[in-house]
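# Chains, contacts and geometry: an overview
Next come the chains, spelled out residue by residue.
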Amino acid sequence: MTYQICFPGALVLLALSAASEASEQPLNSEEIQHAEIEPLELDPIEVTGERSFEEEVTLRFLRQAIDGKRSERSEDIDNWVCWFEKATGTRFTYLNCARNGDLWALRPSDVPGTGLIGSNREARAGYGTILRSTRPANRIKVRKALKNLPGSNEFDREFLARAAMGERPPRDIPSGQELDQFTAAWQTVNNLTERGADDDTMEAAINEIGLTLERFNRIAALTKIYQSIENEVAVRLKQRSP
């Protein structure tokens, strides 16, 4: 399944299946010369504050595609891989993204498991295109932006799957620290409830742990929306069990 997002002057194709391993340069310069190149808009990578929904999807897609694993299996033909590459004859580095099928279509050698030989792109209709950043990509900034995204890899996959279904899922995702606080507050509230404590006492306990009552309730609601967040809380509860 794919999902299309249009940016000004660019089209980003997002494959919402397991991503591929980010090799530094899975294709050589000659193979890339034979590729059709489409622009990949990287302005969202520079965003450090409030992100639009489209920027959020792009960043989470890139985090999956850069840190995933490549595959030679035919069933993974539509899985994505992104890699940094220094342009020939310059000192500038660009970010490229392509599906496994695109990489296979551009290789001159036999492709294991596909039954296809050489770079016969006619036999692989629809493949052979690489998305390349429209401007140089700062490898350190890109990595930092992706690292600072809240949520796990499991959350990325769930978020992208929901986006592919046409949803605009909530994006006020709790950080790891907030999940730690929420788990501790959840246990405390349960204990106070069993002892018949009033609402003011429970709110004070939540505040003491580091969350507002509003944020505590919001994270509780997000666990009902995202299975991945509920799973993270369950792991923390298990770790805190005697």
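Scroll up a little and you will see the structure.
Residues numbered from 1 in each chain as written. Predicted model: local features only at pLDDT ≥ 70, side-chain atom pairs only at ≥ 80, totals over all residues. Heavy atoms only, no water.

### Points about the packing of aromatic side chains
Spelled out, the test is: Only Phe, Tyr and Trp rings take part, Trp by its six-membered ring, and two of them pair if their centres are within 6.5 Å. Stacked means planes under 30 degrees apart, edge-to-face means over 60, and tilted covers everything else. Every helix listed is a DSSP run of H or I at least four residues long, and every strand listed is a run of E at least two residues long, numbered separately from the N terminus. Each residue is assigned to one of three classes by its accessible area relative to the maximum for its type, calculated with a 1.4 Å probe on protein chains only: buried under 20%, partly exposed between the two thresholds, exposed over 50%. In this scheme, the term charge over a ring applies when either NZ of a lysine or CZ of an arginine sits within 6 Å of the ring centre and within 35 degrees of the ring normal.
Applying the stated rule across the entire model yields seven aromatic pairs. Seen in terms of ring centroids, Phe53 and Phe159 are 6.0 Å apart; in terms of plane orientation they differ by 45°. Their pairing is tilted. With Phe53 in helix α2 (residues 53-67) and Phe159 in helix α5 (residues 153-164), this pair connects stretches of sequence that are 106 residues apart. For Phe53, a relative accessible area of 5% corresponds to the buried category. With a relative accessible area of 0%, Phe159 lands in the buried category. An aromatic cluster of three or more residues is present, and its members are Phe53, Phe155, Phe159 and Tyr226. It is Arg60 that lies over the ring of Phe159; its NZ or CZ is 5.7 Å from the centre. In this structure, Arg162 is placed above the aromatic ring of Tyr226, and the distance from its NZ or CZ to the ring centre is 5.5 Å.

### Concerning the packing of helix α6 (residues 176-194) against helix α9 (residues 227-240)
The geometry of a pair of packed helices is captured by two quantities: the angle between their axes and the separation between those axes. Put simply, the test is: Interaxial angle, 0 to 180 degrees, is taken between N-to-C directions of lines fitted to C-alpha atoms, where a helix line uses only the stretch in contact. Here roughly perpendicular refers to angles of 65 to 115 degrees, roughly parallel to angles under 35, roughly antiparallel to angles over 145, and oblique to all remaining angles. Crossing handedness follows the turn of the near helix against the far one: under a right angle anticlockwise gives a left-handed crossing, and clockwise gives a right-handed one. Residue contacts follow a heavy-atom distance rule, with two residues in contact if any of their heavy atoms lie within 4.5 Å. Only Asp, Glu, Lys and Arg are considered charged in this grouping, and only Ala, Val, Leu, Ile, Met, Phe, Trp, Tyr, Cys and Pro are considered nonpolar; every other residue, Gly among them, is considered polar.
Closest axis-to-axis distance for the α6/α9 pair is 10 Å, and the angle between their directions is 60°. One element, α6, and the other, α9, form an angle in the oblique class. α6 and α9 meet at a crossing whose hand is right-handed. For the pair formed by α6 and α9, the contact residues are Gly176, Leu179, Asp180, Phe182, Thr183, Ala184, Trp186 and Gln187 on the first element and Ile229, Glu232, Val233, Arg236, Leu237 and Arg240 on the second. The class makeup of the residues in the contact of α6 with α9 is seven nonpolar, three polar and four charged.

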